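One-letter residues, chain by chain:
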Amino acid sequence: MLSPEIQQQLDLSREHLTHAISRFAMASVIDRPSFEALRTTLPRFVESCRMVWLLPKDFLSALRSAQWQLSEGAKYSDDPAYVKEMALILGRAFDSLLAGEGMDDRRPGVPRII
């Protein structure tokens, strides 16, 4: 069971993800306000889930599916670089949720010191 605060962040992230991906999946339209809202809410949700070990599978599945849709559909969009960047953000969020980390815990090209 998620705390009310985390559940609220999950619902908000899910809503932004649904809005952003539904328009992109149907017509390769980039809904920038939804993507930017997702870019803001998703890291907060991931950060709040550091010590949460039970997450809804449907959200994890939607996150991975959205990442795949963006990666594969980027070449058909008006701004492929932006779409690929958003796909990377979703992938990093998914990986961070599974690892119990925040999205900014790992930096590419920087060694991790444990």
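A.B. asks: So what's going on with the packing of helix α3 (residues 57–73) against helix α4 (residues 80–99)? Which residues, and what values?
C.D. replies: Running from N to C, α3 and α4 point in directions that differ by 155 degrees, and their axes come no closer than 8 Å. It follows from the interaxial angle that α3 and α4 lie roughly antiparallel. Crossing hand, α3 versus α4: left-handed. For the pair formed by α3 and α4, the contact residues are F59, L60, L63, R64, A66, Q67, L70 and S71 on the first element and V83, M86, A87, L90, G91, A93, F94, D95, L97 and L98 on the second. Looking at the contact of α3 with α4, its residues break down into 13 nonpolar, three polar and two charged.

A.B. asks: Would you mind going over the packing of aromatic side chains in detail, with residue names and values included?
C.D. replies: Across all of its chains, the model carries two aromatic pairs by this definition. Consider the rings of F35 and Y82, whose centres lie 6.1 Å apart with planes at 90 degrees: the pair is edge-to-face. With F35 in helix α2 (residues 32–48) and Y82 in helix α4, this pair connects stretches of sequence that are 47 residues apart. Residue F35 is classed as buried on the basis of its relative accessible area, which comes to 1%. Taken together, a centroid distance of 5.4 Å and an interplanar angle of 85 degrees make the contact between F45 and F59 edge-to-face. Of this pair, F45 sits in helix α2 while F59 sits in helix α3, and the two are 14 residues apart along the sequence.

A.B. asks: I'd like a rundown of the environment of W53, residues and numbers included.
C.D. replies: With respect to the element layout, W53 can be found in the loop between α2 and α3. In this structure W53 comes out as exposed when scored by relative accessible area, which is 63%. For the pair formed by W53 and M1, sequence separation is 52 residues and the distance between their alpha carbons is 9.9 Å.

A.B. asks: Give me the packing of α2 against α4: which residues, what numbers.
C.D. replies: At a closest axis distance of 11 Å, the pairing of α2 and α4 adopts a crossing angle of 20 degrees. By the angle class used here, α2 and α4 are roughly parallel. Between α2 and α4 lies a crossing whose hand is left-handed. Where α2 approaches α4, its residues R32, F35, E36, L38, R39, L42, F45 and V46 are matched on the opposing element by Y82, E85, M86, I89, L90, A93, S96 and L97. Here the contact of α2 with α4 is composed, by residue class, of 11 nonpolar, one polar and four charged.

A.B. asks: Let's hear about the confidence of the model for the protein chain: which residues, and what values?
C.D. replies: For the protein chain, per-residue confidence averages 90 on the pLDDT scale, and residues scoring 70 or more make up 93% of the total. For the protein chain, helix α1 (residues 4–27) is the element with the lowest average pLDDT, namely 92, and α3 is the one with the highest, namely 96.

A.B. asks: An account of the pattern of salt bridges is needed here, citing residue identities and associated values.
C.D. replies: In total, this model carries six salt bridges according to the counting rule given. Of the charged contacts, one joins E47 and R50 as a salt bridge, the two residues approaching to 2.5 Å between their closest N and O atoms. The shortest N-O distance in the salt bridge between R64 and D95 comes to 3.4 Å. With R64 in helix α3 and D95 in helix α4, this residue pair connects regions lying 31 residues apart in the sequence. When its relative accessible area of 44% is taken as the criterion, D95 is described as partly exposed. Through salt bridges with shared partners, a single ionic network connects E36, R39 and E85.

Reading the values: rules and limits
- Residues numbered from 1 in each chain as written.
- Predicted model: local features only at pLDDT ≥ 70, side-chain atom pairs only at ≥ 80, totals over all residues.
- Heavy atoms only, no water.
- Axes fitted to C-alpha atoms, helices over the stretch in contact; angles between N-to-C directions.
- Helix = DSSP H or I, 4+ residues; strand = E, 2+ residues; numbered from the N terminus.
- Parallel < 35°, antiparallel > 145°, perpendicular 65-115°, else oblique.
- Left-handed = near helix turned anticlockwise from the far one by under 90°.
- Contact = heavy atoms within 4.5 Å.
- Nonpolar A, V, L, I, M, F, W, Y, C, P; charged D, E, K, R; others polar.
- Phe/Tyr/Trp six-rings, centres within 6.5 Å; stacked < 30°, edge-to-face > 60°.
- Buried < 20%, exposed > 50% of the residue type's maximum accessible area, 1.4 Å probe, protein only.
- pLDDT = per-residue confidence, 0-100.
- Salt bridge = Lys/Arg side-chain N within 4 Å of Asp/Glu carboxyl O.

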